[in-house]
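Close look at the chain arrangement
Below, each chain spelled out in residue letters.
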Amino acid sequence: MTTAQWQDEVTWAAGIWGAADLGDPRRTKRVVQVAAQLATQPDASLPQQCGGWAGLKAAYRLLSNPQISPVDLNAPVWQATLKQARSVPGVVLFVQDGTDLNFAHHPYTSGLAKAPKNDQGHLKVQTTLSVVPGGHQCDLGVLGVAHQQTWVRTTSRQGEVRAARYQRWNEGEVWAESLEACGAPPAGALWVSVSDRGSDDFKYFQRAVAAGWQLVARAARTRQVKVGAQVGSLFPVIRAQPSVAELHLELAARPGHPAGPVTVQVSYQQLSVSPPKNAPAPKGAALTMWVVRAWSVVDDLEWILLTTVPVHTVQDTVQIVVWYAHRWVIEEYHKALKTGCRFEASQLQTALSLQRLLALLSPVAARLLALRSLSRTHPDDLARRYIALDLIRLVARKRHLNTAPEHLTLRAFWHALAQIGGFIGRRRDGDPGWQTLWRGWAWLTQAAWLLDLDVSVSLYPTSG
């Protein structure tokens, strides 16, 4: 969401859906209105967001309209994100992962999974989030959602032979389908798909390379590889390589490990990866890839990463590890969707209605993450060069700041805003996350609305 300004919700929604062709201009106007209402109060219920029976009834009609498909609502979001990605001259990461959306507490919602038992009432979602890596691991520019795919898991087919299973669609294909839907990168650009162990599939590697993409994927299993003329197994081969560098990372919380700094060793090796022996013909040719390992015995951490990006130096090795460390942003996106937007609390009665609502909420969740990125841009600059002085005065007065609003830095402004939203701000707390920033921003927009103030925030400094 790297635009000239952080805009008010109506302007933002109109920028995405304002030109959407939904068969009737009144539908387009309604989509913009509903999306703006969702963005204004993302954690509220639909009746609260719509502000009355007339607006709620119109939203229900929109979300249940059979003449509007979820793709009709998704397409403008994806196109806006890809347009921004194509304007970036360097590296753009496309971080993708799947999640379960659980509506089992609404057993009468039609169209959701009925079996297997553990997936009853679930909707599967695969999201591709486009981000621009900065000079620091936490310095991310969130462009938005580049693609999203939903499906309902069905029961396995008893007695199905391997060849038949390879021919039909399976969930593992969503990784490659997401890249193919985004299209080939523009000339001179480096688009890298970053994914977790679920994407460790040779067919995905083949299709990504054929589509012109580079990839970084965490290995889930060892496999036969070739190093020169020597045949070996992936995990033993890379574990035999000595460390070439030490790297300091800031990682999110993991099971049994709190969030915080981790020091890892890194190593790399070029190799050739062959298609699985039991894959049906045509298998395709072997792929030249590189494997990068990051590990810490102290912190019980090991990443074994397969990549098509050439790795020849220590700097290349570190770059791959840092790119993979950016994968946490997709987990934060899912958290924003489930917690920040409370999507799983929706009581819509059909899976299609839920998918239409998801199409409107998916960029709202990305917008929540973009606010955090905005808060970490140019932290030492004067806030008044980017933000209206009246807004700064509101925050300074609310927080009883000693610094004059004219001299407040961006870091001080965003920290104060997050403290309004519940950020404690102790010395060891670091920078605020999207939840406290959003709660503070919600307070500020309501106060600005009462005072009829402009709430846009520029990403580029003005004079003064």
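This report concerns the structure included in the present document.

Definitions and limits used
- Residues numbered from 1 in each chain as written.
- Predicted model: local features only at pLDDT ≥ 70, side-chain atom pairs only at ≥ 80, totals over all residues.
- Heavy atoms only, no water.
- Helix = DSSP H or I, 4+ residues; strand = E, 2+ residues; numbered from the N terminus.
- Rg over C-alpha atoms; globule rule 2.2 N^0.38 Å.
- Buried < 20%, exposed > 50% of the residue type's maximum accessible area, 1.4 Å probe, protein only.
- Contact = heavy atoms within 4.5 Å.
- Areas by Shrake-Rupley, 256 points an atom, 1.4 Å probe, with all protein chains shown as cover.
- Lys, Arg positive; Asp, Glu negative; His and termini not counted.
- Charge placed at Lys NZ, Arg CZ, Asp CG, Glu CD.
- Disulfide = S-S within 2.5 Å.
- Core = buried A, V, L, I, M, F, W, Y, C linked by side-chain atoms within 4.5 Å.
- Pairing = 2+ DSSP bridges.
- Salt bridge = Lys/Arg side-chain N within 4 Å of Asp/Glu carboxyl O.
- Arc of directions from axis to C-beta.

**Focus: the overall build of the protein chain**
If you tally the helices and strands in the protein chain, you get 15 helices and 13 strands. On C-alpha atoms alone, the protein chain measures out to a radius of gyration of 24 Å, which is about the 23 Å that the 2.2 N^0.38 rule sets for 464 residues. Counting only residues that meet the buried cut, the protein chain has 48% of its 464 residues in that class. For the protein chain, contacts bridging at least 24 residues in sequence account for 65% of all contacts bridging at least 6. For the protein chain, the exposed surface amounts to about 21600 Å²; the carbon and sulfur share of it is 52%. Where the 47 positive side-chain charges of the protein chain centre and where its 35 negative ones centre are 4 Å apart.

**Notes on the state of the cysteines**
Considering all chains together, one arrives at zero disulfides under this definition. Free cysteine: Cys50, not disulfide-bonded; nearest cysteine sulfur from Cys341 at 14 Å. Under the relative-accessibility criterion, Cys50 is labelled buried at 8%.

**As for the nonpolar core**
In this structure, Trp17, Trp303, Phe413 and Trp414 are the most contacted members of the largest nonpolar core, which totals 104 residues. Per-element accounting of this core gives the leading share, 15 residues, to helix H12 (residues 351-375). If we ignore the near neighbours within four places in the chain, the residues touching Phe413 are Ala383, Ile387, Leu391, Ile392, Val395, Leu408 and Leu444. In terms of nonpolar packing, the next biggest core, distinct from the first, is built from 34 residues, Trp175, Tyr204, Phe235 and Leu306 among them.

**Here's the deal with the environment of Ile304**
You can see Ile304 is positioned in strand S12 (residues 301-307). Residue classification places Ile304 among the buried positions, given a relative accessible area of 3%. Not counting chain neighbours up to four residues away, the residues in contact with Ile304 comprise Ala217, Arg218, Ala219, Phe235, Ile238, Arg239, Val291, Val292 and Arg293.

**Structural notes on the side chain of His106**
With respect to the helices and strands, His106 occurs in the loop between strand S2 (91-102) and strand S3 (122-133). Excluding its chain neighbours within four sequence positions, the residues that come into contact with His106 are Ala345, Ser346 and Gln347.

**Points about helix H14 (residues 410-420)**
For an α-helix, 3.6 residues make a turn, and residues three or four places apart therefore share a direction. Here H14 has its buried residues at Leu410, Phe413, Trp414, Ala416, Leu417 and Ala418. Gly422 occupies a position one or two residues after H14 and carries a positive phi of about 110°.

**Considerations on the pairing of strand S7 (residues 224-227)**
Pairing of S7 with strand S8 (residues 230-233) involves four bridges; the strand directions are antiparallel. Paired with Val225 across the strands is Gly232, a residue of S8. Where S7 folds back onto S8 in an antiparallel hairpin, the turn is made up of two residues, including Gly228, whose phi is positive at roughly 65°. With two bridges joining them, S7 and strand S10 (residues 260-273) adopt antiparallel strand pairing.

**Brief notes about the pattern of salt bridges**
Side chains carrying opposite charge are able to pair once their charged atoms draw close together. For the structure shown, the criterion picks out 16 salt bridges. Here Arg223 and Asp200 are joined by a salt bridge, their closest N and O atoms 2.7 Å apart. With Arg223 in the loop between strand S6 (214-218) and S7 and Asp200 in the loop between strand S5 (190-195) and helix H8 (202-210), this residue pair connects regions lying 23 residues apart in the sequence. Of the two residues, Arg223 and Asp200, both sit in the buried class. Where Asp390 meets Arg393, a salt bridge forms, and the shortest distance between an N and an O atom there is 3.3 Å. A residue pair is termed a helical-turn pair when its members lie 3 or 4 positions apart in one helix, as Asp390 and Arg393 do in helix H13 (residues 389-399) at three residues. We classify Asp390 as partly exposed; its relative accessible area is 39%.

**Description of unusual backbone geometry**
The backbone of Arg342 sits at a positive phi, close to 50°, despite the residue not being glycine. Within the fold, Arg342 resides in the loop between helix H11 (328-340) and H12. With a relative accessible area of 39%, Arg342 lands in the partly exposed category. Located in the positive-phi region is His400, a residue other than glycine, with phi close to 55°. Locating His400 in the fold gives a position in the loop between H13 and H14. The exposure class of His400 is exposed, given its relative accessible area of 66%.

**Some thoughts on helix H4 (residues 53-63)**
Gly55, Leu56, Ala58, Ala59, Leu62 and Leu63 are the residues of H4 that are buried. Looking straight down H4, one finds that the buried residues subtend no more than 160° of arc, so they occupy a single side. Turned more than 90 degrees off the buried face of H4, the exposed positions are Trp53, Ala54 and Arg61. Summarising the contacts, the buried residues of H4 are in contact with helix H2 (25-40), helix H3 (46-50) and H12.

**Section: the environment of Leu417**
Note that Leu417 resides in helix H14. With relative accessibility at 0%, the residue Leu417 sits in the buried group. In this structure, the C-alpha to C-alpha distance between Leu417 and Ile392, residues 25 residues apart in sequence, is 9.4 Å.

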